[in-house]
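Chain by chain, the residues:
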Amino acid sequence: MKRSEREQDLSRRVISRRGLLLGGLQVGVAGTLFWRLRDMQLNQSEQYHLLAEENRINLRLLPPTRGLIVDRNGVMLAGNEQNYRVVIKRDDAGDIDLVLARLARLIPLSEEDIERARRDMLRNRPFVPVTVAERLSWEEISRVASNAPALPGVTPEMGLSRNYPLREDTAHVVGYVGPVSERDLEALEAPDPVLMIPRFQIGKSGVERMAEDRLRGRAGSQRVEVNSVGRVMRELDRVEGTPGGNVHLTLDARLQNYALERLHGQSAAAVVMDIESGDILALASGPSFDPNLFVRGISTTDFRGLLDNEYRPLVNKTVQGMYPPGSTFKMVTALAALDAGVTDGQERVFCPGHMDVSGNRFHCWKRGGHGRVNLVSALSESCDVYMYEMAQRCGIDKINEMSTRLGLGIRYDLPITSVAGGLNPTREWKRNNRNSEWRIGDTVNASIGQGFVLTTPLQLAVMTARLASNKAILPRLMRDPTESALPEAASLDLRPEWLRLIRRGMSETVNDRRGTAYSSRVVADDQVMAGKTGTSQVFSITRAERDAGVRRQEDLPWNRRNHGLFVNYAPVEAPRIAVSIVVEHGGGGSSTAAPIGRDIMLAALNGGVPPLSAYPAPQRNRIHSEQQEMQERLRKPEDMRISRA
């Protein structure tokens with residue numbers, strides 16, 4: 001009995017120790033949990049509160065208002081317009097086909113629009129809004145709003161969209177915007193988060209692209225409360241973005257309008273520059289296109305029409321087009337010869353209509369020759385043989401040096417896309433690119449702007465401005481409206497007596513009866529101009545074609561005819577404006593390019609349609625008829641039309 005009690009007592013002691021151990025363990029765990037809970041609630045409460053808020057609150061970016069692009073007088077070239085659109089959310093719409101069918105009875109919706117909306121809804125999450133139609137009128141958006149009860153999931157919205165009020169006039173310069181693409185994002189090292197906003201648009205060409213960072217602005221933000229599946233429940237606050245900066249161009253919209261209209265029917269380019277400042281007043285490339293088509297989504301048919309047009313309307317010929325300058329290059333050759341000291345400009349060279357060089361015959365454009373000519377008459381009558389002689393005396397190195405000095409072969413830093421640098425060929429260039437040595441025949445060809453020489457209309461305008469001013473004028477397209485006087489351009493240090501000869505030759509080209517541009521002269525005493533015609537050969541008429549009866553440029557297909565060129569400045573006594581014209585496959589520069597150059601020059605000097613009194617009397621009836629036809633073609637608002645000065 002006593003033994004049994006001892007065993008029971010021992011058993012109770014063991015159980016008591018285990019209970020104490022288990023109890024202590026429970027108390028320790030409970031204490032640890034309590035301490036941790038206290039730490040989370042008191043010491044770390046703010047951190048976990050923020051985490052909970054991030055799960056509940058979403059931060060969204062708001063697209064900024066894009067900056068404006070205006071001309072030198074404040075005329076709008078690129079702006080923003082209200083864009084009424086309709087969006088739909090799949091999870092609220094219910095029967096999508098029924099809702100879209102009802103919507104199609106209220107606003108114009110094609111089968112393509114409906115199919116695209118259906119495809120976008122299936123591609124995105126149910127609560128993500130999808131645009132069904134945009135650029136709706138106030139009446140159309142009102143009909144949608146009035147029928148809201150019958151259109152579940154459909155919401156009318158208002159935003160801003162890019163608009164180009166002058167349409168074709170400035171398409172090549174201003175460019176256009178379009179949706180952000182994967183290629184756009186890949187080109188950026190650290191893409192701005194605003195580029196991820198659905199339907200956000202950025203500059204694709206022209207100033208829109210080159211000044212993108214300035215025009216875009218900074219995004220705003222919006223805090224919204226969302227539920228567990230990400231659906232927006234309410235807006236908590238909103239911070240509007242910073243609008244993009246405005247861009248002021250040197251262009252004169254009225255002159256740009258006139259220049260483009262004057263190129264009507266041609267594949268051509270015109271550049272107008274202020275000689276003192278280098279401001280580009282007009283940069284017209286014809287034919288042009290409506291950039292609004294790209295903003296709104298150009299159709300395949302329209303885009304194919306632009307691509308297949310042999311006049312290449314999508315190409316900005318003023319800076320992208322590279323052409324042999326033809327006889328407009330002869331001032332370079334003449335100055336190179338003067339600079340090299342191989343002529344004084346007064347000696348006369350005999351032109352029989354050709355010159356034999358190294359066993360090859362190089363012809364003058366005038367088959368019978370010009371007889372004995374000096375530098376001035378060689379320029380005014382555009383004698384090729386004189387330039388052949390001067391080029392052999394001074395060599396290609398001197399010609400290349402003078403060409404660069406006058407602004408050719410240089411890629412100018414302008415805020416537009418695809419600016420070409422042209423080509424000033426050198427011995428080294430030919431060795432590297434043609435794998436052959438430079439020959440004397442190459443120098444002879446270069447002397448009249450043929451062979452390997454290539455220039456852009458912009459470069460030809462710069463060359464003309466430099467010849468008229470003896471200054472290293474640089475072209476400028478963007479300006480600060482608050483700027484003070486620009487620093488004066490550096491001197492070219494060309495001797496005054498040399499420039500007097502060159503300018504006299506250019507003046508007689510237009511104002512002497514034997515000059516190649518005499519029919520395009522100006523008779524207004526205070527607006528007399530100087531210039532130089534040029535014709536650059538594209539293809540030679542083959543022997544087979546001659547045997548078939550092809551004798552003239554007009555007998556060739558359009559794309560095999562010569563280019564016509566003309567450069568000019570005015571007034572002769574106090575030059576203010578420089579102009580360059582290139583007419584692709586236009587034939588002779590004197591017949592096609594010079595009349596255009598004269599008209600655009602007069603429009604620049606007079607601030608509008610040139611007065612008939614500036615033209616020779618026998619031409620005034622014809623000019624009057626041409627001006628009336630031009631006015632009838634204009635489709636701009638009345639206040640943007642070029643008005644008679």
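All values reported here derive from a predicted model rather than from experimental measurement. (Residues numbered from 1 in each chain as written. Predicted model: local features only at pLDDT ≥ 70, side-chain atom pairs only at ≥ 80, totals over all residues. Heavy atoms only, no water.)

Colleague: Describe the side chain of Arg 598, and please don't skip the residues or the numbers.
Modeller: Note on placement: Arg 598 falls in helix α22 (residues 589-606). Among the polar contacts made by the side chain of Arg 598, one reaches the side chain of Gln 619 at a distance of 2.9 Å. Here Arg 598 is in contact with Ser 519, Ser 520, Arg 521, Val 522, Met 529, Phe 566, Tyr 615, Pro 616, Gln 619, Arg 622 and Ile 623, once residues within four sequence places are set aside. (Helix = DSSP H or I, 4+ residues; strand = E, 2+ residues; numbered from the N terminus. Polar contact = N/O pair within 3.5 Å; in protein donor to acceptor, adjacent residues only side chain to side chain. Contact = heavy atoms within 4.5 Å.)

Colleague: Any details on helix α19 (residues 457-469)? Residues and values, ideally.
Modeller: The end-to-end C-alpha distance of α19 is 19 Å, a good match for the 18 Å that 13 residues give at a rise of 1.5 Å each. Looking at the residues trailing α19, positive phi occurs at Asn 470, about 60°. (Expected span 1.5 Å × (residues − 1).)

Colleague: Residue-level account of unusual backbone geometry, with values.
Modeller: Here the bond from Gly 286 into Pro 287 is cis, since omega is -5°, no more than 30 degrees from zero. With respect to the element layout, Pro 287 can be found in the loop between β12 (280-286) and α12 (292-296). Positioned with a positive phi, Arg 167 is a non-glycine residue whose angle comes to about 50°. Here Arg 167 shows up in the loop between β5 (154-163) and α7 (171-174). Taking the relative accessible area as the measure of exposure, Arg 167 reaches 25% and is therefore partly exposed. For His 585, which is not glycine, the phi dihedral falls at a positive 50°. Inspection of the secondary structure assignment puts His 585 in the loop between β20 (577-583) and α22. (Buried < 20%, exposed > 50% of the residue type's maximum accessible area, 1.4 Å probe, protein only.)

Colleague: Describe in detail the layout of surface pockets, supporting the description with residues and values.
Modeller: Computed from the structure, the second largest pocket encloses a volume of approximately 1,400 Å³. Lining the second largest pocket we find 40 residues, and of these Trp 365, Thr 535, Gln 537, Gln 553 and Asn 562 sit closest to its centre. Among the elements of the structure, β15 (360-363), α16 (384-405), β18 (530-536) and α22 are those that each provide at least two residues to the lining of the second largest pocket. Across the lining of the second largest pocket, the residue classes tally to 9 nonpolar, 23 polar and 8 charged. (1 Å grid on protein atoms, 1.4 Å probe; cavity = no way out; pocket = protein on both sides within 12 Å on 5 of 7 lines; lining within 4 Å. Points joined across faces, edges and corners; volume = space filled by probe spheres on them. Nonpolar A, V, L, I, M, F, W, Y, C, P; charged D, E, K, R; others polar.)

Colleague: Describe in detail empty space enclosed by the protein, supporting the description with residues and values.
Modeller: Going through the model one piece at a time under the given rule, you end up with 1 cavity of 30 Å³ or more. For the largest cavity, the calculated volume is near 30 Å³. Per-element accounting of the lining of the largest cavity gives the leading share, 4 residues, to α16. Grouping the constituent residues of the lining of the largest cavity by class yields 6 nonpolar, 3 polar and no charged.

Colleague: Would you mind going over the environment of Leu 605 in detail, with residue names and values included?
Modeller: Relative to the assigned elements, Leu 605 resides in helix α22. Residue classification places Leu 605 among the buried positions, given a relative accessible area of 13%. Sequence spacing of Leu 605 and Leu 255 is 350 residues, and the spatial spacing of their C-alpha atoms is 10.0 Å. Those residues in contact with Leu 605, other than ones at most four positions away along the chain, are Gln 527, Ala 570, Pro 571, Arg 576 and Ile 577.

Colleague: Which residues make up the side chain of Ser 536, and what are the values?
Modeller: As for its position among the elements, Ser 536 is in strand β18. Setting aside chain neighbours within four positions, we find Ser 536 in contact with Pro 324, Gly 326, Gln 450, Asn 562, His 563 and Leu 565.

Colleague: Which residues make up the environment of Val 349, and what are the values?
Modeller: Relative to the elements of secondary structure, Val 349 occurs in strand β13 (residues 349-351). Residue Val 349 is classed as buried on the basis of its relative accessible area, which comes to 9%. It is 5.4 Å that separates the C-alpha atoms of Val 349 and Val 373, two residues lying 24 residues apart in sequence. In contact with Val 349, other than residues within four places in its own chain, are Gly 371, Arg 372, Val 373, Tyr 386, Glu 389 and Met 390.

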